[in-house]
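Fold and geometry: a report
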Amino acid sequence: MSQFEQSEKTLTREEAAALLAFYVEAGVSDALCAEVQNRYQTAAATETAKPEPIQSPGQPPMQSDEPRRAPAMREAAPAPFRAQAPTTIPLEESQAAETAREIAARCRTLDELREALAVFEGCALRNTAKNLVFADGNPKARVMLVGEAPGKDEDIQGLPFVGVSGKLLDRMLASIGLDRTSVYIANTLPWRPPGNRPPTAIEQAICMPFIERQIELSSAEILVLVGGVSAKLMLATDTGIMRLRGKWSTYKTGSRELPALPILHPAYLLRQPAQKRLAWRDLLSLKARIAELPPI
């Protein structure tokens, strides 16, 4: 039975509730049709034949320059649509980003920054998220970790890295003698994108002033950028994480310059366990840099 045939059967209350819960979790917010439609079947049924060219009497049949189209049933399915990040930020979002920068600059402590984020309405992500995910760990720590964006578990608890990836991160930190009392953890985005989708360029631009100010107000002397999104955003580069990881860079914040180390995201390591050997090298590099810090 196809998925379209299955969708036509009558659902029980429990099945309907489970289906709605799945849609909400996946980030679905609007219904486009009252009934499920097979778009591929509709497209094939409405396709019309191209008219034959007009020929003069006595002329041989004209040959078309186009190659003969294969039967519709043999055509490959169209590639999925992928939205492209805008090269420029629309005026309204640009104003929201500027407002965010002004608000963040006025905050003098991390508590003030958290309170400002809690009432900030310039980013639409707050409307779909359950909780603000500001930070975890010790704000006085000398090492600060910056992740990408909250996931489902983080959104529920209001803390970064608390799901399966968070448990792996805790083990990674413990392997070099660290825990959440000796590091400060935040994300580039304080709200979860619907369905765990990648954040848009507009969302990143609006939230960027807050994470920049959060780093500036922290006591961090070393910055660890967890994952490709965080590394590329904070270092302003298009280089992929596999080329960035393990290589120290410099991040400028206010009057300070912090050594920054991109590392592989725990979620990636869960999908690619063989890459844990690279993560271990990066952790040893971090441990060595921490040992070089002057005593407090």
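About the criteria used
- Residues numbered from 1 in each chain as written.
- Predicted model: local features only at pLDDT ≥ 70, side-chain atom pairs only at ≥ 80, totals over all residues.
- Heavy atoms only, no water.
- Helix = DSSP H or I, 4+ residues; strand = E, 2+ residues; numbered from the N terminus.
- Buried < 20%, exposed > 50% of the residue type's maximum accessible area, 1.4 Å probe, protein only.
- Contact = heavy atoms within 4.5 Å.
- 1 Å grid on protein atoms, 1.4 Å probe; cavity = no way out; pocket = protein on both sides within 12 Å on 5 of 7 lines; lining within 4 Å.
- Points joined across faces, edges and corners; volume = space filled by probe spheres on them.
- Nonpolar A, V, L, I, M, F, W, Y, C, P; charged D, E, K, R; others polar.
- Polar contact = N/O pair within 3.5 Å; in protein donor to acceptor, adjacent residues only side chain to side chain.
- Core = buried A, V, L, I, M, F, W, Y, C linked by side-chain atoms within 4.5 Å.
- Pairing = 2+ DSSP bridges.
- Phe/Tyr/Trp six-rings, centres within 6.5 Å; stacked < 30°, edge-to-face > 60°.

1. Overview of the overall build of the chain
- Within the chain one finds 13 helices and 6 strands.
- A total of 296 residues make up the chain; the buried ones form 35% of that total.
- Of the contacts made within the chain by residues no fewer than 6 positions apart, 73% connect residues no fewer than 24 positions apart.

2. Topic: unusual backbone geometry
- The phi dihedral of Phe 161 falls on the positive side, at around 55°, and the residue is not glycine.
- Structurally, Phe 161 can be placed in the loop between helix 7 (152-157) and helix 8 (164-174).
- One non-glycine residue with positive phi stands out, namely Ala 236, at about 55°.
- Relative to the helices and strands, Ala 236 resides in the loop between helix 10 (228-234) and helix 11 (241-244).

3. Notes on empty space enclosed by the protein
- This model, assessed by the stated rule, comprises 2 cavities of 30 Å³ or more.
- Computed from the structure, the largest cavity encloses a volume of approximately 60 Å³.
- As for the largest cavity, its lining consists of Leu 117, Val 133, Phe 134, Asn 187, Thr 188, Leu 189, Pro 190, Cys 207, Phe 210, Ile 211 and Gln 214.
- When residues in the lining of the largest cavity are grouped by element, the largest group, 4 residues, is from helix 9 (residues 201-217).
- Considering only enclosed or pocket space, the second largest cavity measures out at about 30 Å³ in volume.
- Lining the second largest cavity we find Leu 145, Leu 169, Met 172, Leu 173, Val 224, Ile 263, Leu 283 and Leu 286.
- Counting residues per element, the lining of the second largest cavity draws most heavily on helix 8, which supplies 3 residues.
- Of the residues that constitute the lining of the second largest cavity, the class distribution is 8 nonpolar, no polar and no charged.

4. Structural notes on the side chain of Gln 214
- Mapped onto the elements, Gln 214 comes out in helix 9.
- Only 3.2 Å separates the side chain of Gln 214 from the backbone oxygen of Phe 134, close enough to count as a polar contact.

5. Side note on the nonpolar core
- With 66 residues, the main nonpolar core has Met 144, Leu 145, Trp 191 and Ile 215 as its most contacted residues.
- Counting residues per element, this core draws most heavily on helix 9, which supplies 7 residues.
- Apart from the residues within four sequence positions on either side, Met 144 is in contact with Tyr 184, Ala 186, Ile 211, Gln 214, Ile 215, Ser 218, Ala 220, Ile 222, Leu 223 and Val 224.

6. Some remarks on the sheet that holds strand 2 (residues 143-147)
- Across the sheet, 6 strands lie side by side as 1-3-2-4-6-5; this open sheet has mixed pairing. Each edge of the open sheet carries a strand with a single partner, namely strand 1 (136-137) and strand 5 (249-253).
- As judged from the 4 bridges shared by strand 4 (residues 222-226) and strand 6 (residues 256-263), these two strands associate in the parallel manner. Along strand 6, the bridge assignment pairs Val 226 with Ile 263.

7. Some points on the pairing of strand 5
- For strand 5 and strand 6, the ladder comprises 5 bridges, and the chain directions are antiparallel. Bridge assignment links Ser 249 to a residue of strand 6, and that residue is Ala 260.
- Following strand 5, the chain reverses through 2 residues before pairing antiparallel with strand 6; Gly 254 in that reversal takes a positive phi of roughly 60°.

8. Some words on the packing of aromatic side chains
- Within the structure shown, the criterion is met by 1 aromatic pair.
- Between Phe 120 and Phe 210 the ring centres are 5.1 Å apart and the planes differ by 65°, which places this aromatic pair in the edge-to-face class. Of the two residues, Phe 120 sits in the loop between helix 5 (110-119) and helix 6 (125-128) while Phe 210 sits in helix 9, which places them 90 residues apart along the sequence.
- Its relative accessible area of 5% is what places Phe 120 among the buried residues.
- Looking at Phe 210, the relative accessible area reads 2%, which means it is buried.

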